[in-house]
Amino acid sequence: RRALLDLAPAPASAVARRPRVAFVLPGPGTQVEGMGRHLLAEPAFARGLAEVDRALRPHVGRSVAELIAGEAGDDIATSQPVVFAFSLALARWLE
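Criteria and thresholds
Residues numbered from 1 in each chain as written. Predicted model: local features only at pLDDT ≥ 70, side-chain atom pairs only at ≥ 80, totals over all residues. Heavy atoms only, no water. Salt bridge = Lys/Arg side-chain N within 4 Å of Asp/Glu carboxyl O. Helix = DSSP H or I, 4+ residues; strand = E, 2+ residues; numbered from the N terminus. Buried < 20%, exposed > 50% of the residue type's maximum accessible area, 1.4 Å probe, protein only.

Asker: Would you explain the pattern of salt bridges in this entry?
Answerer: Two side chains carrying opposite charge are able to pair once their charged atoms lie near each other. All told, the structure shown has 2 salt bridges when counted by the stated rule. Residues Glu 51 and Arg 92 are paired through a salt bridge, measuring 3.1 Å at the closest nitrogen-oxygen approach. Taken as a pair, Glu 51 in helix α2 (residues 43–60) and Arg 92 in helix α4 (residues 76–94) lie far apart in primary sequence, 41 residues in all. Overall, the relative accessible area of 37% leaves Glu 51 in the partly exposed class. On the basis of relative accessibility, which here comes to 36%, the residue Arg 92 falls in the partly exposed class. In this structure, the salt-bridge partner of Asp 53 is Arg 57, at a minimum N-O distance of 3.0 Å. On the criterion of helical spacing, the pair formed by Asp 53 and Arg 57 is a turn pair, its members being 4 residues apart in helix α2. Residue class for Asp 53 comes out buried when judged on its relative accessible area of 7%.

What follows is the structure in structure tokens.
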């Protein structure tokens, strides 16, 4: 995180404040079978995924965490929620 902040140019009138961070989430078609499966072993990622899984399960009709651990397939009805859930869990991991 510090390395990324060091890359940003300092404003001419630098004020001591917390830098703002933005996450840009990808859209459909960015998924690759098995992407990020190894992150399931990371506690912060797993917690973030569990959080979004609880929120999405009633809408998706199944667990996005199980889809990430298994096979999400190419069906937009499942692949898009998986990409979204993965992105949010990744943001939690990076916090």
